[in-house]
Amino acid sequence: MIRFPTSYELAIAGPDEQLRAGGTDWMERRELGLTSANVVDLRDVEAADPIEVDPSTGARLGANLTIATIARHPAIRMHYPALALAAGALATPEIRTVATLGGGLLQRSRCWYYRNPTLRCLKSGGSECLARTGDHLFHVCFDLGPCAAPNPSTLGMALLGYDARIEVVGGRDRTVAELYGDGSSVADHQLLAGEVLSAVHLPPPVVGERGGYRRAIARARAEWPLIEVSTRLQITEGKLALVRVAIGGVAPIPLRLDEVEAALLGQGIDDATLERAAALSTRRCTPLPMTRYKVDMLPTAVFDALCHARDS
Amino acid sequence: MTNDERVRVEFQLDGGAQALAVGADDTALAVLREHCGRTGTKLGCGHGVCGACAVLVDGESVKTCLLPATALHRRSVTTVEGLAQADRLHPIQRAFMAEDALQCGYCTPGFLIRSASFVDQWRREQGDVAPSRDTIAAALAGHLCRCGAYEQIFAAVASACTGVHDSMDPVVPRYDARVKVEGKAVYTVDVKLAGQLEGRMLRSPHAHAKVVVLDLERARQRPGVKAVLDLRGADAMVRYAGQEIAAVAAIDRHTAEAALRDIEIRYEVFPAAIGMERALADGAALVYPRRSERKLAPNTSEGPLGPLGWTGNLRGPFFFFSVKRRKARAAIERARAGAGTLVEGIWETQVQCHTALEPNAAVARWDDDGGLSVWVSTQAVHRMSHDIATRFGLPQAKVRVFADYVGGGFGGKADFAPSTRAAIELAKLAGAPVRVVLDRREELTVGGLRPAQKFDLALAANEAGELAGMRLTAWGDAGVAIGSVTSSMFRIMYKRAPRDLSDYDVTTHGPPGKPFRGPGGPPAFWALEQAIDQMAIARTIDPVALRRSWDDSPVRTRLYDWVETLDAWTQRGPIAADKGRYRRGVGLAAGGWFYFVQSATKVEVALGPQGVIASTASQDMGNGTRTAIANAVARHFTISPHAVEVRIGDSRLVEGPFSGGSRTTASVVPAADDGAIRLRELLTKAVAAKLGLRQARGEASGIVHADGVLGWAEAFAVAPECSVVGKRVKDQGGFFLPFRVEGLAIGRFLAGSVQVVELEVDTRLGKIRPLRTWAGIGCGRLISPELARSQLQGGIIQGLSYALYEERRLDPRTGQLLTGSLDDYRIAGIGDIPEIHTHFDEAGFEDVRSGTVGLGELVTLAPAACVGNAVMHATGWRPLTLPIRPDRLVEAMKATSQ
């Protein structure tokens, strides 16, 4: 079965249904046999409203905006630079052309056990995390729950740094932090069956905000990050008036680094200060045997992303 | 679960209206290829990574392997076939042809689509100027080319942006470039015969098991299923996860896969030995516990296997290539005792997958006359027809194998693959043509791999600074396959000294290795050339000076002269000069490779109604077979190579070479030369007689006679149709051995390479960025200079990719493939490659017929060692294990800073 609802209200999935937006993750999971539900295809849902930024209320981004649209939109680039940078850096140009904001937030794990069509892990109906006792070279170094795979959502990480809220049809609106929970659950996100993510609300823009984004990968581009970092800074008279640091690729959920933020607030922006604060990023790390290198890399990745924002 | 509901979609396709019903799960790619006949658009990876499936949707490049077909509704689609406007090629198509920005051509449609949208937008916004390399790399980040045409793709995109290809018809160095940029080249996966069925295979999830129940009945009963096949061996044993158990042919892929799930199967599962370490541990599960089973082991090499002893999973030693073993060992002990210099270490390399973008694929049809036609994505049409005929007990004349275009091979398509066997047997059972195409996970599992290697290597220099001895123990893990030989590489380099060389196979419960571009080479040179570099450091002498004093190769001696003219090398500075986070390093490595000839090679050269025709039962997997033949023949008549009709990819033509062992050029060019010259003589005689020309003799310019010169165009017009068969005549002085090994003659000369790479190491995030590389190659006269350059660039890129990114990983417990996608099995993208500078030294092969030998394997040997030596130069740390992943580098930097 497939249906093409014309609104998010009509899109609310029944018991044997799943939503499909751009399809860039959905089609692969279907091929791998990871989903057999009937399709609720969002193709005919009305196009999102044009992006407008209001100085007092912020911005509302429709869930079916493509990631490319967000990355190149002048108002997003000006007022929410950390979001625009993250959107422009994830995946590859042609994926960004099709993939949507909503799909990006709700995408499923990239774990090579989850995506193996023969094996069954915690996320695919099995009873144990196979990575934990098997090969977890690319997995978490913040071991927060039963599943050892990092959350793959770059947008979720960036929006966590904005304290963004999601609009949910068929359920209550909630923060991005609530969307992902505390990592103790096996699910990739906490949206319930019958709920539809219809939009993201961004808070009012911060005057003079600078954004940063960095990822650690082996190749130049087109690789799921070992670590990724999104930063927002507001610098007033040489001091940091706002600091937001969110990280991905290291935990079952996107994480905010409160300790780094607190250490920098009100401080100067010289390299030494940023580096000292970045060193705090490993405080809560609980690496697995094969992911200690991520702990070694994390301060540098955070430092780089702080510098990126500072120097932009 | 399949979804049978059909949804109507209407869209514009290449300017025409389309209306059809599609399934909810159908990809846009499947619909375009299977229902709209747009086979120019290719399935590469199937998960949005390689970009071979890109088309323009409303003017924007989109990957159709992940695009629901329903999303095409009311959109406008342009495929590679629609890129040209009324036969007027898009400038990017001309640019790809002019710059030779393609090899096998399989990824080309996707690259063209994305590049076209990028070039058009760039010129609208920026005008007719060339974008930076980085801008182009960012735009093409979602595309992969396994042949490694990236350097020329940069050139093509940049030049298309400047407008130079808007109108001019370019000079096209590659014979078959046009048909590839138009999306008209037909690969095996594109073959569609009347009534063709789709075959799929059931594979074992277990690495070590016995199939105790296999009931195919329910699958056979499923509507739409036409044939079901038991693929178990006589012992019903499973020795690796992914091993073929059964196959089904059905009216479509969904039905075939549903039928696979209908098969009732039970396994008795045994412990498995995954990886070398476990296979050698006490009490390890044995891959071939009984002597009788060992003959089942597939051969990962291209050569014959001799008898060797086995102990558990260990087979060997094979020490054939040793010279004065005792002397070598004594020299090492003397150096160890302080008399001279000893360098020793353990080097390790990973499993590398061939993963050609066109997977292993076959289409089989049994003809009414009892003949068998098989389209195979193969590197060996001629040999394949022989193997198939032998296997099915048919006369070879009854078996016809076709491979018109082959989407990359690299050694992974030389064997009589299970997919080919399944297609043939299913077609027989079903009484209808059957196609079997591996998906990317299958290709990465069983499509072919280079064995993992471990080397314990020691070099001893005496007090006079001479190489006094070499000792090597090498272990190869080719999964269930055997025959991993690397010691030959340690024999052909620095040849003067005694050496004690032993190869062992370690059988493990993993998929079988196949020959991979320079079998044994890149791993061996990774160890050897780093050990040489380390010896230079230990003796504080220049690495080139050391090599000059130990190396007898005249080819490399000239390349050492060349390398010493490079500022990047001579100005490189001391080791570990940089102390900061980013450190630059320059490394050098040398390589040497055999020169092989398929001495029975023939090329038929004929004059037909349209001109000269050259044909041979070989194939072109991107290596340029067609171009080599066309160029060779054309120069004997002073005509354009494009005016020669080249016929290959058909086993019924005269015997042509298997594309492997770098033999193609050295086999076909002399045979083409011989054929062309003999045809010229025949035509001269015939035309002279007909026109009464006196003292006529055929030359490249035409028929020279007493009263002038008759051009070949005029001569062809009056000449009768005729044909000769050119042969591969022996070299001056014959070959290295008087006899042939598996049809192969070994030439008396060795090709050589020297490469320098400059890179930057981020010591904190563990990233290595190759910046520039210079590669010098000695392989004789170039038949197609642009294609030689392309192949050299591609080999370097594959070598760098091997050094830094590629790694097949199996789950340590189940032996299941973890790196089953091109997301997880990483190969170099366009943004990862350094600037590549190429240098060819054409001297030294004058006694070889036509003066030319192959370079396909030679060019992949040095890159990894080069990178290793450059990392050492940058950081003072020598990487011993491949790939040099970020985690390994970070770990090492942490250890060295403490």
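Residues numbered from 1 in each chain as written. Chains lettered and ligands numbered in written order. Predicted model: local features only at pLDDT ≥ 70, side-chain atom pairs only at ≥ 80, totals over all residues. Heavy atoms only, no water.

Enquirer: Now, about the nonpolar core: what can you tell me, with residues and values included?
Expert: In this structure, Phe96, Ile153, Val157 and Phe490 of chain B are the most contacted members of the largest nonpolar core, which totals 164 residues. Ranked by residue count, the leading element in this core is helix α15 (residues 521-538) of chain B, at 9 residues. The contact partners of Ile153 of chain B, leaving out residues within four places of it in the chain, are Phe96, Ala101, Phe111, Leu140 and Ile830 of chain B. If you look at the next biggest cluster of nonpolar residues, it comprises 110 residues, including Ile2, Leu191 and Leu306 of chain A together with Val890 of chain B. (Core = buried A, V, L, I, M, F, W, Y, C linked by side-chain atoms within 4.5 Å. Buried < 20%, exposed > 50% of the residue type's maximum accessible area, 1.4 Å probe, protein only. Helix = DSSP H or I, 4+ residues; strand = E, 2+ residues; numbered from the N terminus. Contact = heavy atoms within 4.5 Å.)

Enquirer: Which residues make up the packing of helix α11 (residues 381-392) of chain B against helix α12 (residues 418-430) of chain B, and what values do they have?
Expert: All names here are of chain B. Orientation of α11 relative to α12, taken along the N-to-C sense of each, is 50 degrees, at an axis distance of 12 Å. In this view, α11 runs oblique relative to α12, as classed from their interaxial angle. The hand of the α11/α12 crossing is right-handed. Side by side, α11 and α12 meet where Ile388, Arg391 and Phe392 of the first sit next to Thr420, Arg421, Ile424 and Glu425 of the second. (Axes fitted to C-alpha atoms, helices over the stretch in contact; angles between N-to-C directions. Parallel < 35°, antiparallel > 145°, perpendicular 65-115°, else oblique. Left-handed = near helix turned anticlockwise from the far one by under 90°.)

Enquirer: Outline the state of the cysteines, supporting the account with residue identities and numerical values.
Expert: If you walk through the whole model with that rule in mind, you get 0 disulfides over all chains. Cys129 of chain A takes part in no disulfide bond, and the closest cysteine sulfur, belonging to Cys147 of chain A, lies 5.3 Å away. (Disulfide = S-S within 2.5 Å.)

Enquirer: Would you mind going over α12 of chain B in detail, with residue names and values included?
Expert: Between the first and last C-alpha of α12 of chain B there are 18 Å, a value that for 13 residues agrees with the 18 Å anticipated at 1.5 Å per step. Every buried residue belonging to α12 of chain B is among Ser419, Thr420, Ala422, Ala423, Ile424, Glu425, Leu426 and Ala427 of chain B, and all of these are buried. (Expected span 1.5 Å × (residues − 1).)

Enquirer: Mind laying out the interface of chain A and chain B, listing which residues take part and the relevant values?
Expert: Taken together, the contact pairs 57 residues of chain A with 58 residues of chain B. Between chain A and chain B, the buried area comes to about 5,000 Å², and carbon and sulfur atoms account for 53% of it. Considering only the side of chain A, the residues that lose the most area to chain B are Glu94, Arg219 and Arg221 of chain A, jointly responsible for 15% of the buried surface there. The interface formed by chain A and chain B contains 9 salt bridges. Across the pair Arg30 of chain A and Asp25 of chain B runs a salt bridge, and its minimum N-O distance is 2.8 Å. (Buried area = accessible area lost by both parts, 1.4 Å probe. Salt bridge = Lys/Arg side-chain N within 4 Å of Asp/Glu carboxyl O.)

Enquirer: I'd like a rundown of the pattern of salt bridges, residues and numbers included.
Expert: Residues and elements named next belong to chain B. In total, this model carries 96 salt bridges over all chains according to the counting rule given. Residue Asp14 is joined to Arg38 by a salt bridge in which the shortest nitrogen-to-oxygen separation is 2.7 Å. Taken together, the positions of Asp14 in the loop between β1 (6-13) and β2 (16-23) and Arg38 in the loop between α1 (28-35) and β3 (54-57) put the pair 24 residues apart, joining distant regions of the chain. Exposure remark for Asp14: the relative accessible area of 24% places this residue in the partly exposed category.

Enquirer: Mind laying out the packing of aromatic side chains, listing which residues take part and the relevant values?
Expert: All names here are of chain B. A full pass over the atoms with the stated rule returns 20 aromatic pairs over all chains. Both rings, one in Tyr106 and one in Tyr187, keep their centres 5.3 Å apart while their planes meet at 85 degrees; by these two values the pair is edge-to-face. Here Tyr187 lies in the loop between α6 (177-181) and β6 (197-203) and Tyr106 lies in the loop between α2 (91-99) and α3 (108-126), a separation of 81 residues in the sequence. Tyr187 matches Tyr106 in its accessibility class, with the two residues each being buried. Centre to centre, the rings of Phe320 and Phe321 are 5.0 Å apart; their planes meet at 85 degrees, and the pair counts as edge-to-face. These aromatic residues form a ring-pair network of at least three members: Tyr106, Tyr187 and Tyr405. The ring of Phe319 is capped by Arg325, whose NZ or CZ atom sits 3.9 Å from the centre of that ring. In this arrangement the basic side chain of Lys428 is found over the ring face of Trp366, its NZ or CZ atom lying 4.1 Å from the centre. (Phe/Tyr/Trp six-rings, centres within 6.5 Å; stacked < 30°, edge-to-face > 60°. Lys NZ or Arg CZ within 6 Å of the ring centre and 35° of its normal.)

Enquirer: Describe the sheet that holds strand β31 (residues 708-710) of chain B, naming the residues involved and giving the relevant values.
Expert: Residues and elements named next belong to chain B. Across the sheet, 3 strands lie side by side as β29-β30-β31; this open sheet has antiparallel pairing. The open sheet has two edge strands, β29 (697-699) and β31, and neither has a second partner. When strand polarity is set aside, the average angle formed by the axes of neighbouring strands in this sheet is 35 degrees. The sheet contact formed by β29 and strand β30 (residues 702-705) spans 3 bridges and is antiparallel. Bridge pairing links Arg697 to Val704 in β30. (Pairing = 2+ DSSP bridges.)

Enquirer: Quick one: what's the story with the packing of α2 of chain B against α3 of chain B, residue by residue and with numbers?
Expert: Residues and elements named next belong to chain B. Running from N to C, α2 and α3 cross one another at 120 degrees; their axes reach a closest spacing of 9 Å. The angle between α2 and α3 falls in the class oblique. You can see that α2 and α3 cross each other, and the crossing is right-handed. In this structure, α2 contributes Pro91, Ile92, Gln93 and Phe96 to the contact, and α3 contributes Thr108, Phe111, Leu112, Ser115, Ala116, Val119 and Arg123. Its residues assigned to classes, the contact of α2 with α3 comprises 7 nonpolar, 3 polar and 1 charged. (Nonpolar A, V, L, I, M, F, W, Y, C, P; charged D, E, K, R; others polar.)

Enquirer: Go over the sheet that holds strand β9 (residues 210-216) of chain A with me, naming the residues and quoting the values.
Expert: Residues and elements named next belong to chain A. As summarised here, the arrangement of the 4 strands in space is β9-β10-β11-β12, forming an open sheet in which the pairing is antiparallel. For this open sheet the edge positions go to β9 and β12 (255-256), each flanked by a neighbour on one side alone. Direction of pairing for strand β10 (residues 227-236) relative to strand β11 (residues 239-248): antiparallel, over a ladder of 9 bridges. Across the sheet, the residue bridging to Gln234 is Leu242, located in β11. Helix α5 (residues 81-89) rests against β9 and β10 of the sheet, and its axis sits at about 30 degrees to β9. Across the sheet, helix α13 (residues 292-310) touches β9, β10 and β11, and the angle it forms with β10 is around 35 degrees.

Enquirer: An account of unusual backbone geometry is requested, with residue identities and associated values reported.
Expert: All names here are of chain B. Cis geometry marks the peptide bond from Gly316 to Pro317; its omega dihedral reads 5 degrees. Note on placement: Pro317 falls in strand β13 (residues 314-318). Residue Pro883 follows Leu882 across a cis peptide bond; omega there is -10 degrees. Relative to the elements of secondary structure, Pro883 occurs in the loop between α23 (862-875) and α24 (886-897). Look at Thr540: it is not a glycine, yet its phi comes out positive at around 40 degrees. One non-glycine residue, Thr638, lies in the positive phi region at around 50 degrees. With respect to the helices and strands, the residue Thr638 is situated in the loop between α19 (625-634) and β28 (645-647).

Enquirer: Can you tell me about the pairing of strand β6 (residues 165-169) of chain A, naming the residues and giving the values?
Expert: Residue and element names in this part refer to chain A. Of all 5 residues making up β6, 4 are buried, and the element is well covered by its neighbours. Summarising the sheet, β6 and strand β7 (residues 174-175) pair through 2 bridges and their orientation is antiparallel. Paired with Arg165 across the strands is Thr175, a residue of β7. Hairpin connection, β6 to β7: the antiparallel pair is bridged by 4 residues, and Gly170 has positive phi, about 85 degrees. Pairing analysis gives 5 bridges linking β6 to strand β8 (residues 196-202), with the strands arranged antiparallel.

Enquirer: Account for a negative patch on the surface, naming residues and giving values.
Expert: All names here are of chain A. Negative charge collects at one region of the surface, where Glu46, Asp49, Glu52 and Asp54 lie side by side. Relative to the helices and strands, Glu46 is located in the loop between β3 (38-41) and β4 (53-54). Glu46 gets classed as exposed once you look at its relative accessible area, which sits at 65%. (Patch = residues over 30% accessible without salt bridge, like charges linked within 9 Å, V, L, I, M, F, W, Y side chains within 5 Å. Areas by Shrake-Rupley, 256 points an atom, 1.4 Å probe, with all protein chains shown as cover. Lys, Arg positive; Asp, Glu negative; His and termini not counted. Charge placed at Lys NZ, Arg CZ, Asp CG, Glu CD.)

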